[in-house]
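# Fold and geometry: a report
Now for the letters of each chain:
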Protein chains: 2
Amino acid sequence: MNKVKIVEVGPRDGLQNEKTILPLETKFEFIKKLSETGLQTIEITSFVKASAIPQMSDASELFTKVKSELLNTISYPCLVPNLKGYEAALALGVKEIALFSATSDAFTAKNINSTVDESFVKMKEVADLAKKDGIKVRGYISTAFGCPYEGDEPVEKLVSVTKRFFDLGVYEVSVGDTIGVATPKQVRNFLKVLSSEFDMSKIAMHFHDTRGMAMSNTLVSLENGIRTFDSSAGGLGGCPYAKGATGNVATEDVWYLCHSMGMETGINLDKLIEAGQYILEKLGKNPGSKFHKAYINTGRI
Amino acid sequence: MNKVKIVEVGPRDGLQNEKTILPLETKFEFIKKLSETGLQTIEITSFVKASAIPQMSDASELFTKVKSELLNTISYPCLVPNLKGYEAALALGVKEIALFSATSDAFTAKNINSTVDESFVKMKEVADLAKKDGIKVRGYISTAFGCPYEGDEPVEKLVSVTKRFFDLGVYEVSVGDTIGVATPKQVRNFLKVLSSEFDMSKIAMHFHDTRGMAMSNTLVSLENGIRTFDSSAGGLGGCPYAKGATGNVATEDVWYLCHSMGMETGINLDKLIEAGQYILEKLGKNPGSKFHKAYINTGRI
């Protein structure tokens, strides 16, 4: 299978850890540019408390503007941390949500003041309503390969949390290397275990390039049957609860690797670079992606 | 085979493209720090015309100081572009030299004003003398995966130039991705061809991380029998004749990947980071290696 699906998470996971609070118009323009690249799924915001993540405080206005002005053939999922967030999203016409937990109790304690078990109790309420309401649900697992507080995370915890997400009825589970500690050998070992338990077409990988291993980990994932990857245009991102967790892997890096392997993402590179460049300039940041820099400097792949 | 040999090329390939001309004392200190890491081979300079590469104009003084003050159990090869450079190196007591050519005539024309054929005529003179003089010779092949002037380079040219180097009597051929255009699929395909023709224990890979693919290419190389890699501490480097060719892959990146795979390099990471940090500070540069940054920021692998 030569098609790769990229789930763009720049407007949400990418921006939520940027200190510069951007105006709604800039976020909308970023999403609009992303929508013109060929991307079919763009996670655009999170219905969290403004005090928790100020960058996401305009979630309602942003979603409403996207819904009314951009193509409705593209999926614009939103992160939802709890029932209140779900109700707000539903009322605005959100059609796909993402729920999240982690393999690590220490991490969920810092992130959402819950144990992993408690997070599933809360998510079940939301997932049950979503099923009734006809809303698609995706599940995120943080710290799958390692936790800033607990250290190594055994694959058994990942298998267990993945199962619990599928039991909630999610259509896809995104396996997150939140702090960018995964290495190719570990990814290969973990994916071998996952593939014996789950349908790999329902598993996505979500790498951070903190230690420069995201491309190698993506390569190994492609070789082990993964065809869905989360990434951020320009390599934005990080995690407010994980020190040193620099950006999501850049969408252009994933594009480059996939296309170099003869795989198709359906994404126009020039438009993708333009979207990344746009948001990087607004943030006053250099691209985290060497490919992005080289493409701009040399004009060639 | 779980041992990986790293050939440190920072003082030569790394520094030669840095605009800041460093004093001899700084270069020596860098080499001294590298010599304390466990590295067994450190290419320290190039006997070229000072007008061609000003950074290397102190080759004689630098080699002499290294020879008299540092451990003689470490190999300190020097690049030699021609007979005159060879004679200068020999007179100083250099025990190992590196010769270089490329797969691309257009590149050798810009680099050494020769065709590839002509370069081998000149190198044969030097290699024959070196044999007689008991000097070890290593061969570098530039533009193996692509040329800034010719574009794609077919594997047949790499095979042909590799053969010619072994015919000269070199003990090892270093296959260079001078402009950082190699991708994992290409590297795998090229290495499959090379392995059917050559003893892979005599082939080294020399990646530049221009497009962020150096780690993935190193991974594929490890999986295809390569156990020797050239790299620069701190990710210094580039090529004065190849626009956009940013740094060599960082030695600490190669270290991290190899050790994450359960392989041994014999190098002390903290001392390696210290050497890289030292030279980056002298150059006023940020590390090209995300692993380097993360290690310094988080204090963990």
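Here the structure is shown first, and the text comes after it.
Every chain's residues receive numbers from 1 upward, in the order its sequence appears when written. All chains are assigned letters beginning with A, and all ligands numbers beginning with 1, in the order in which they are written. With the structure being a predicted model, the display of local features is reserved for residues of pLDDT at least 70 and the display and counting of side-chain atom pairs for 80 or more, all residues being used for whole-chain, interface and lining totals. Excluding hydrogens and water, the side-chain values take into account all heavy atoms of the structure.

All names here are of chain A. Backbone geometry at Thr143 places phi at a positive 55°, although glycine is not the residue there. We count a stretch as a helix when DSSP gives it H or I for four or more residues in a row; a strand needs E for two or more, and each element gets its number in order from the N terminus. Structurally, the position occupied by Thr143 is in the loop between strand 6 (136-142) and helix 7 (155-168). Exposure is judged per residue with a 1.4 Å probe applied to protein chains only, and the accessible area is read against the type maximum: over 50% gives exposed, under 20% gives buried, and values in between give partly exposed. According to the relative accessible area criterion, Thr143 is buried, its value standing at 0%.

Take the sheet that holds strand 5 (residues 96-102) of chain B next. All names here are of chain B. A pair of strands is labelled paired if DSSP reports no fewer than 2 bridges between them. The strand order across the open sheet built from 9 strands is 2-1-9-8-7-6-5-4-3, with neighbouring strands paired in parallel fashion. Of all the strands in the sheet, just strand 2 (41-42) and strand 3 (45-46) have a single pairing partner and so form its edges. Relative to strand 7 (residues 172-177), strand 6 (residues 136-142) runs parallel, the two being bridged by 4 bridges. Within strand 7, the position partnered with Tyr140 by the bridge is Ser174.

Residue and element names in this part refer to chain B. Relative to the helices and strands, Ile141 is located in strand 6. Ile141 sits 142 residues away from Leu283 along the chain, and the two C-alpha atoms are 28 Å apart. Between two residues, a contact is recorded if the distance between any of their heavy atoms is within 4.5 Å. Residues contacting Ile141, with those up to four places away along its chain left out, are Ser101, Ala102, Thr103, Leu158, Val161, Thr162, Phe165, Val173, Ser174, Val175 and Gly176.

Let us look at the pairing of strand 5 of chain B. All names here are of chain B. When you tally the buried positions in strand 5, you get 7 out of 7 residues, the bulk of the element. Residues Glu96, Ala98, Phe100 and Ala102 line one face of strand 5 and the alternating positions Ile97, Leu99 and Ser101 line the opposite face, and both faces are buried. The sheet contact formed by strand 4 (residues 78-79) and strand 5 spans 2 bridges and is parallel. Bridging across to strand 5, Leu79 finds its partner in Ala98. As paired strands, strand 5 and strand 6 are joined by 7 bridges and run parallel to one another. Considered in strand 6, the bridge of Leu99 is made with Gly139.

Our focus in this paragraph is the nonpolar core. Formed by 174 residues in total, the largest nonpolar core has its most connected members in Ile97, Leu99 and Phe165 of chain A together with Ile97, Leu99 and Phe165 of chain B. Beyond its immediate sequence surroundings of up to four residues, Phe165 of chain B is in contact with Leu99, Phe100, Ser101, Phe120, Met123, Gly139, Tyr140, Ile141, Val170 and Val173 of chain B. Only buried Ala, Val, Leu, Ile, Met, Phe, Trp, Tyr and Cys residues count toward a nonpolar core, and they belong to the same one when joined by side-chain atoms within 4.5 Å.

Moving on, we come to the sheet that holds strand 2 (residues 41-42) of chain A. All names here are of chain A. As summarised here, the arrangement of the 9 strands in space is 2-1-9-8-7-6-5-4-3, forming an open sheet in which the pairing is parallel. Among the strands making up the open sheet, the edge pair consists of strand 2 and strand 3 (45-46). Taken together, the 2 bridges between strand 3 and strand 4 (residues 78-79) define a ladder with parallel strand orientation. Across the sheet, Ser46 pairs through a bridge with Leu79, a residue of strand 4.

With 32 residues of chain B in contact, the opposing surface of chain A contributes 32 residues. Summing both partners gives a buried area of about 2700 Å² for chain B against chain A, and 55% of it is carried by carbon and sulfur. Once two parts are brought into contact, the accessible area they lose, counted with a 1.4 Å probe and summed over both, makes up the buried area. Three residues, Arg211, Tyr256 and Lys290 of chain B, lead the burial of chain B against chain A; their summed loss comes to 24% of the area buried on that side. What makes a salt bridge here is a side-chain nitrogen of Lys or Arg within 4 Å of a carboxyl oxygen of Asp or Glu, nothing more. In this assembly, chain B and chain A are joined by 4 salt bridges.

Before going further, it helps to examine the pattern of salt bridges. Side chains that differ in charge, positive against negative, can pair when their charged atoms come close. Under the defined criterion, the tally for this structure stands at 34 salt bridges over all chains. Close ionic contact of Glu18 of chain B with Lys285 of chain B constitutes a salt bridge, the shortest N to O distance being 2.8 Å. On the criterion of sequence distance, the pair formed by Glu18 of chain B in the loop between helix 1 (10-14) and helix 2 (24-35) and Lys285 of chain B in the loop between helix 11 (269-283) and helix 12 (290-298) is long-range, its members being 267 residues apart. Exposure remark for Glu18 of chain B: the relative accessible area of 11% places this residue in the buried category. A relative accessible area of 35% means that Lys285 of chain B is categorised as partly exposed. Of the charged contacts in the structure, one is a salt bridge between Asp117 of chain B and Arg164 of chain B, with a shortest N-O distance of 2.7 Å. Residue Asp117 of chain B is located in helix 6 (residues 116-133), and its partner Arg164 of chain B is located in helix 7 (residues 155-168); the two are separated by 47 residues in the primary sequence. Salt bridges linked by common partners bring Arg12, Asp13 and Glu43 of chain A together as one network.

Interpretation in functional terms is not warranted from these geometric data alone.
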